[in-house]
2 protein chains.
Amino acid sequence: MLTIGKLGEAAGVKVPTIRYYEQIGLLPEPDRSAGNQRLYGQSALDRLAFIRHARELGFPLDAIRDLLSLSDEPDQSCAAADVIAKKQLTTVKARIVRLTALKAELERMITQCAQGTVADCRVIEVLSDHSHCAQDHRTSGAAE
Amino acid sequence: MLTIGKLGEAAGVKVPTIRYYEQIGLLPEPDRSAGNQRLYGQSALDRLAFIRHARELGFPLDAIRDLLSLSDEPDQSCAAADVIAKKQLTTVKARIVRLTALKAELERMITQCAQGTVADCRVIEVLSDHSHCAQDHRTSGAAE
DNA sequence: TCTTGAAGCTATAGCTACTAGAGACCTTAG
DNA sequence: CTAAGGTCTCTAGTAGCTATAGCTTCAAGA
Ligand SMILES: [Zn+2]
Ligand SMILES: [Zn+2]
Ligand SMILES: [Zn+2]
Ligand SMILES: [Zn+2]
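Residues numbered from 1 in each chain as written. Chains lettered and ligands numbered in written order. Predicted model: local features only at pLDDT ≥ 70, side-chain atom pairs only at ≥ 80, totals over all residues. Heavy atoms only, no water.

Quick notes on the coordination of the zinc ion (ligand 2)
Reasoning step 1: Note on the zinc ion (ligand 2): its protein donors are His130 of chain A (ND1), Cys133 of chain A (SG), His137 of chain A (NE2) and His53 of chain B (NE2). The metal-donor distances range over 1.9 to 2.2 Å.
Reasoning step 2: The coordination sphere of the zinc ion (ligand 2) comprises 4 donor atoms, whose angles at the metal cover 102 to 120 degrees; the geometry is tetrahedral. In this pair, Cys133 of chain A is assigned in the segment after α6 (122-128) and His53 of chain B in helix α3 (residues 42-56), connecting two distinct chains.
Reasoning step 3: You can call His53 of chain B buried: its relative accessible area is 1%. (Donors = N, O, S within 2.8 Å, 3.2 Å for Na, K, Ca; no water. Tetrahedral: all angles 85-135°; square planar, octahedral: opposite > 155°, others 65-115°. Helix = DSSP H or I, 4+ residues; strand = E, 2+ residues; numbered from the N terminus. Buried < 20%, exposed > 50% of the residue type's maximum accessible area, 1.4 Å probe, protein only.)

Given below as structure tokens:
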């Protein structure tokens, strides 16, 4: 049996985060010691490692919640899981597209600046007016 | 003089967002009409457009605050503004690198899935264990 | 056995950048 | 003059944690 500190160490998750996951129902309430401290077994470690890895891959907690309940029913079709993963891939791709456009604009404004006064600064100038931009980088749905 | 609604329309910013910017001191408190409604002039519109454009380029509000106060002193050197822009570029580049790694892993797990049951689902399997991943996509500082 | 320090407990507040609602008030067109 | 729509303040909620305060429990050394 693991204390919360050991569990966090084993899974690479901070202790307050574990308590937070429990609070929002992502981890089940564990047994407690006589002194009211949480005690975890292997299944909690597996579940937490799953959550952590999915978070590292950018899945939101809601999606992880769905993936976890799917993985609790091994005989079901995995179509739903694949849909979630594909949706996440779409999100990631959209972000890359957007960030790549931002990168280009930032590079442009930085290289164009002649390092003079603020009055002549290309960075300030471009920020003041989008028509100085080469691309249309404006937001379209996906959170930055 | 513009009401808050007209200002928002002109700058492409929602009304509650304008009030929020005022609340956190990013926009100055405007004059009010006899009936206590906010009234804005051209300078508020310029400032708000600047903020909006910088947000679209991913700058955090703190950085925008600094950029705004720099742009209020046109005779100063623009070095500080360029530093902020370069820092933002670094952030954007780091995010692209990370998201590109995530994209590769997501694509891998999706294409490897044979569309069977959850027990055999490659998506679930990979999420359960990072050693199935080809790359080290783990977080290293920058917020996803 | 006593003690001390680390680790655990709950509860609350804070972070970013907004967004949504409630309930009241102002403005303006017809 | 009325009705509709814009605006007012205030509060709370979103995601995913992180930090603090003030307390209790546990494990190891003297
Ligand atoms: Zn410059
Ligand atoms: Zn632009
Ligand atoms: Zn599958
Ligand atoms: Zn991995």
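A look at the nonpolar core
Reasoning step 1: The biggest cluster of nonpolar side chains holds 86 residues, and the ones touching the most others in it are Phe59 and Leu127 of chain A together with Phe59 and Leu127 of chain B.
Reasoning step 2: Once residues lying within four places of it in the same chain are set aside, the contact partners of Phe59 of chain A are Ala54, Ile64, Leu67, Ile84, Ala85 and Gln88 of chain A together with Leu106 and Leu127 of chain B. (Core = buried A, V, L, I, M, F, W, Y, C linked by side-chain atoms within 4.5 Å. Contact = heavy atoms within 4.5 Å.)

Brief notes about the relation of the copies chain A and chain B
Reasoning step 1: Aligned on chain B, chain A shows an RMSD of 0.0 Å; the corresponding rotation is 180 degrees and the shift along the axis is 0.0 Å. Expressed as a symmetry operation, the mapping of one chain copy onto the other fits a two-fold axis. Scanning chain A for the C-alpha nearest the rotation axis identifies Ile96 of chain A, at a separation of 3.0 Å. (Least-squares fit on C-alpha atoms with pLDDT ≥ 70 in both.)

Comments concerning the protein's contact with DNA strand D
Reasoning step 1: Contacts to DNA strand D come from 18 residues, most closely from Tyr21 and Arg55 of chain A together with Thr3, Arg19 and Arg38 of chain B.
Reasoning step 2: Expressed as a percentage, the sugar and phosphate content of the atoms of DNA strand D within 4 Å of the protein is 88%.
Reasoning step 3: With respect to DNA strand D, the side chain of Tyr21 of chain A contributes an N or O atom lying 2.8 Å from a phosphate oxygen.
Reasoning step 4: Mapped by element, the contributors of at least two residues to the surface near DNA strand D are α2 (15-23) of chain A together with α1 (4-11) of chain B.
Reasoning step 5: Each residue belonging to the surface near DNA strand D can be placed in one class, and the counts come to 5 nonpolar, 8 polar and 5 charged. (Near = heavy atom within 4 Å. Polar contact = N/O pair within 3.5 Å; in protein donor to acceptor, adjacent residues only side chain to side chain. Nonpolar A, V, L, I, M, F, W, Y, C, P; charged D, E, K, R; others polar.)

A word on the domain arrangement of chain A
Reasoning step 1: As assigned here, chain A comprises domain 1 (4-59) and domain 2 (79-132).
Reasoning step 2: Here domain 1 of chain A and domain 2 of chain A have C-alpha centroids that lie 36 Å from each other. (Domains from an automatic or database assignment.)

As for the interface of chain A and chain B
Reasoning step 1: Contacts between the two partners involve 58 residues from chain A and, on the opposite side, 58 residues from chain B.
Reasoning step 2: Carbon and sulfur atoms supply 70% of the area that chain A and chain B bury against each other, a total of about 4800 Å² over both sides.
Reasoning step 3: Put simply, chain A and chain B have 2 salt bridges between them.
Reasoning step 4: A salt bridge links Arg138 of chain A to Glu56 of chain B, with the nearest nitrogen and oxygen atoms 3.0 Å apart.
Reasoning step 5: At the boundary of chain A with chain B, the tally comes to 20 residue pairs in polar contact (both at pLDDT 80 or more).
Reasoning step 6: Residue assignment for the side of chain A that touches chain B shows that the elements contributing at least two residues are α3 (42-56), α4 (61-71), α5 (79-112) and α6 of chain A.
Reasoning step 7: Among the elements that take part in the side of chain A that touches chain B, α5 of chain A stands out by supplying 20 residues, more than any other.
Reasoning step 8: Its residues assigned to classes, the side of chain A that touches chain B shows 28 nonpolar, 14 polar and 16 charged. (Buried area = accessible area lost by both parts, 1.4 Å probe. Salt bridge = Lys/Arg side-chain N within 4 Å of Asp/Glu carboxyl O.)

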